[in-house]
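# What the coordinates show
Residues per chain, in single letters:
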Amino acid sequence: MLELYKQEGISEKTYHLVQKAEEKVKKVFDEIDQITDYNSLKVIHAFHKHQISEVHFTSTTGYGYGDVGRDTIEKVYATLFKAEDALVRTQFISGTHALTVTLFGLLRPRDVLLSITGKPYDTLEEVIGIKKNESSLLSFGIGYEQIDLIEDDFDYKKIKETLEKRKIKVIEIQRSKGYSTRKSISIQKVEKVIKEIRKVDRDVIIMVDNCYCEFVCEKEPIEVGADIVVGSLIKNLGGGIAPNGAYVVGKRNLVHLVAERLTVPGEGKEVGPSLGLNKSLLHGLFLAPSVVGSALKTAILTSFVLQQLGYEVEPTAFEKRIDIVQNVIFGNQTDLIHFCQGIQKGSPVDAHVTPVPWDMPGYENQVIMAAGAFTSGSSIELSCDGPIRPPYIAYMQGSLTYPAGKIGLMKAIEQMYKREQDDSM
Ligand SMILES: *Cc1c(COP(=O)(O)O)cnc(C)c1O
């Protein structure tokens, strides 16, 4: 085995470091296995309830009328999330697109959107109009306000005051941290804040950006009172098999509004061809609990090892996980870049190419992205990215299998050692 690792350029030192770390986190892995069991049961129950069979793998083209596979997938999603309805479509380009369509679907001129988790995900800045764009919500006369978190929790007082002062149409809660330094928001915190919001305003629409959080714990946001929830299929729920797409689940009238915005007013959910992807969506969802488990184990192992190597990590190996994202705070640009390049070297696809920082559309700073994935941009597959700005944080996530995640981590460590040797020459 060690010989094989050496062939892959992994030294004995790195091998033993990671092997020992693995023993130290065994107990945490056992907890992850329990969550995987639970969520697998949830998925299988939803499949059985809706009698998934080969007929659901069939496809439509053109308008996509009467697509029984597509319609049943949406029923499965609704069951899984305990939601009234779902929209699960590959016509959504990305998570950002689904969030965009949802916001444009729900908000009208003079309405106000309120984010209570501070500045939203980078790519939403032009959507909302925080950053100028002729097609933003702001350009349609939709207002925006934001309340920052205090010590990684909601500013309950300010939320209450704001809701008492004026009518807010939609509240956005972004659970995963995105490219920020805050902690992600647990389902318990979401539950608590929704209870507080409901004391002041019974009708405000509460929307949750659930990206990266699906199947990380037992509950999902609808179960704690959210009205509508959005996420990407090239993250957790696609299980690495869905080639693109996103989902929106929630109250029937709200999902209807989003569907009418995605397709056509008057046609909504009735149209949208599945183009041969129904089987992939079901296959991916079936694998998703296990894939999320592998991603979590990879994150936990990385957290433990990188902390041992002297870097600050968030979360630590023993903290409760809220999403699949692991932060390593490198404190300098070189380590960040080498770590990402090492992750790329451990990828199944494009391992031979070297990622470098570049200007990405929708992002403020240059970003380095390691992604040797089967699906372009998929971040349920092992991937690591970091904006080139202090304190030089790597945002690592994914891995379709745990052994592959472990190899990726070893390659990243090796790349960092190699850099140290280069520096001392
Ligand atoms: C990934 C992500 C999104 C959407 O990203 P896409 O790359 O557009 O799919 C939105 N919000 C959060 C918190 C995310 O992590």
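Now for a quick tour of the structure. (Residues numbered from 1 in each chain as written. Predicted model: local features only at pLDDT ≥ 70, side-chain atom pairs only at ≥ 80, totals over all residues. Heavy atoms only, no water.)

### Focus: the pattern of salt bridges
Tallied over the full model, the rule gives 23 salt bridges. Asp-71 is the partner of Arg-70 in a salt bridge, and the nearest nitrogen-oxygen pair spans 3.2 Å. Accessibility expressed as a relative area gives 30% for Asp-71, which makes it partly exposed. The salt bridge involving Glu-161 is made with Lys-157; its shortest N-O contact spans 3.5 Å. One end of the pair is Glu-161 and the other is Lys-157, both in helix H7 (residues 156-165) and 4 residues apart, which spans about a single turn. Through salt bridges with shared partners, one network takes in Glu-74, Asp-85, Arg-89 and Lys-269. (Salt bridge = Lys/Arg side-chain N within 4 Å of Asp/Glu carboxyl O. Buried < 20%, exposed > 50% of the residue type's maximum accessible area, 1.4 Å probe, protein only. Helix = DSSP H or I, 4+ residues; strand = E, 2+ residues; numbered from the N terminus.)

### What about the packing of helix H3 (residues 26-49) against helix H4 (residues 68-81)?
Contact geometry for H3 and H4: axes closest at 9 Å, N-to-C directions at 135°. Relative to H4, H3 is oriented oblique. Pair H3 / H4 crosses with right-handed handedness. Contacts between H3 and H4 involve Lys-42, Val-43, His-45, Ala-46, Phe-47 and Lys-49 on the former and, on the latter, Val-76, Thr-79 and Leu-80. Considering only residue class, the contact of H3 with H4 consists of 5 nonpolar, 2 polar and 2 charged. (Axes fitted to C-alpha atoms, helices over the stretch in contact; angles between N-to-C directions. Parallel < 35°, antiparallel > 145°, perpendicular 65-115°, else oblique. Left-handed = near helix turned anticlockwise from the far one by under 90°. Contact = heavy atoms within 4.5 Å. Nonpolar A, V, L, I, M, F, W, Y, C, P; charged D, E, K, R; others polar.)

### Some thoughts on the site of the ligand
If you check the shell around the ligand, you find Ser-94, Gly-95, Thr-96, Leu-99, Tyr-121, Gln-174, Ser-176, Asp-209, Cys-211, Tyr-212, Ser-232 and Lys-235 and nothing else. Taking Ser-94, its side chain carries an N or O atom lying 3.4 Å from an oxygen atom of the ligand. Between the ligand and Asp-209 there is a distance of 2.6 Å, counted from a nitrogen atom to a side-chain nitrogen or oxygen. Expressed as a share of its isolated accessible area of 380 Å², the protein-covered part of the ligand is 90%. With 3 residues, helix H5 (residues 95-106) is the largest single contributor of residues to the shell around the ligand. In terms of residue class, the shell around the ligand is built from 4 nonpolar, 6 polar and 2 charged. (Near = heavy atom within 4 Å. Polar contact = N/O pair within 3.5 Å; in protein donor to acceptor, adjacent residues only side chain to side chain. Areas by Shrake-Rupley, 256 points an atom, 1.4 Å probe, with all protein chains shown as cover.)

### So, the side chain of Arg-89
Position of Arg-89 among the secondary structure elements: in strand S1 (residues 85-89). In this structure the side chain of Arg-89 is engaged in a polar contact, spanning 2.9 Å, whose partner is the backbone oxygen of Lys-269. The residues contacting Arg-89, other than those within four sequence positions of it, are Arg-70, Glu-74, Gly-245, Ala-246, Leu-262, Lys-269, Val-271 and Gly-272.

### Observations concerning the sheet that holds strand S10 (residues 358-359)
The pairing of strands in a sheet comes from backbone hydrogen bonds and takes either a parallel or an antiparallel form. Ordered in space as S8-S9-S13-S12-S11-S10, the 6 strands form an open sheet in which the pairing is antiparallel. Strands at the two margins of the open sheet, each flanked by one partner only, are strand S8 (312-314) and S10. Across 2 bridges, S10 lies against strand S11 (residues 366-371) in antiparallel orientation. Residue pairing for S11: Asp-359 is matched across the bridge by Gln-366. Running at roughly 15° to strand S9 (residues 326-329), helix H10 (residues 278-308) makes contact with S8, S9 and strand S13 (393-397) of the sheet. (Pairing = 2+ DSSP bridges.)

### Considering the sheet that holds strand S7 (residues 246-250)
Strand order in the open sheet formed by 7 strands is S1-S7-S6-S5-S4-S2-S3, with mixed pairing between adjacent strands. Looking at which strands have only one partner, the edges of the open sheet turn out to be S1 and strand S3 (143-146). This sheet shows a mean twist of 20° between the axes of neighbouring strands, independent of strand direction. Here 5 bridges tie strand S4 (residues 170-174) to strand S5 (residues 205-209), and the two strands are oriented parallel to one another. Bridge pairing in S5 places Glu-172 opposite Met-207.

### Re H7
Each full turn of the α-helix corresponds to 3.6 residues, which orients residues three or four apart in the same direction. Buried within H7 are the following residues: Ile-159, Thr-162 and Leu-163. The buried residues of H7 occupy an angular sector of 95° when the element is viewed end-on, so they sit on one face. Along H7, the residues that are exposed and aim more than 90 degrees away from the buried face are Lys-157 and Lys-165. Tucked inside the fold, the buried residues of H7 contact strand S2 (112-115), S3, S4 and helix H8 (187-200). (Arc of directions from axis to C-beta.)

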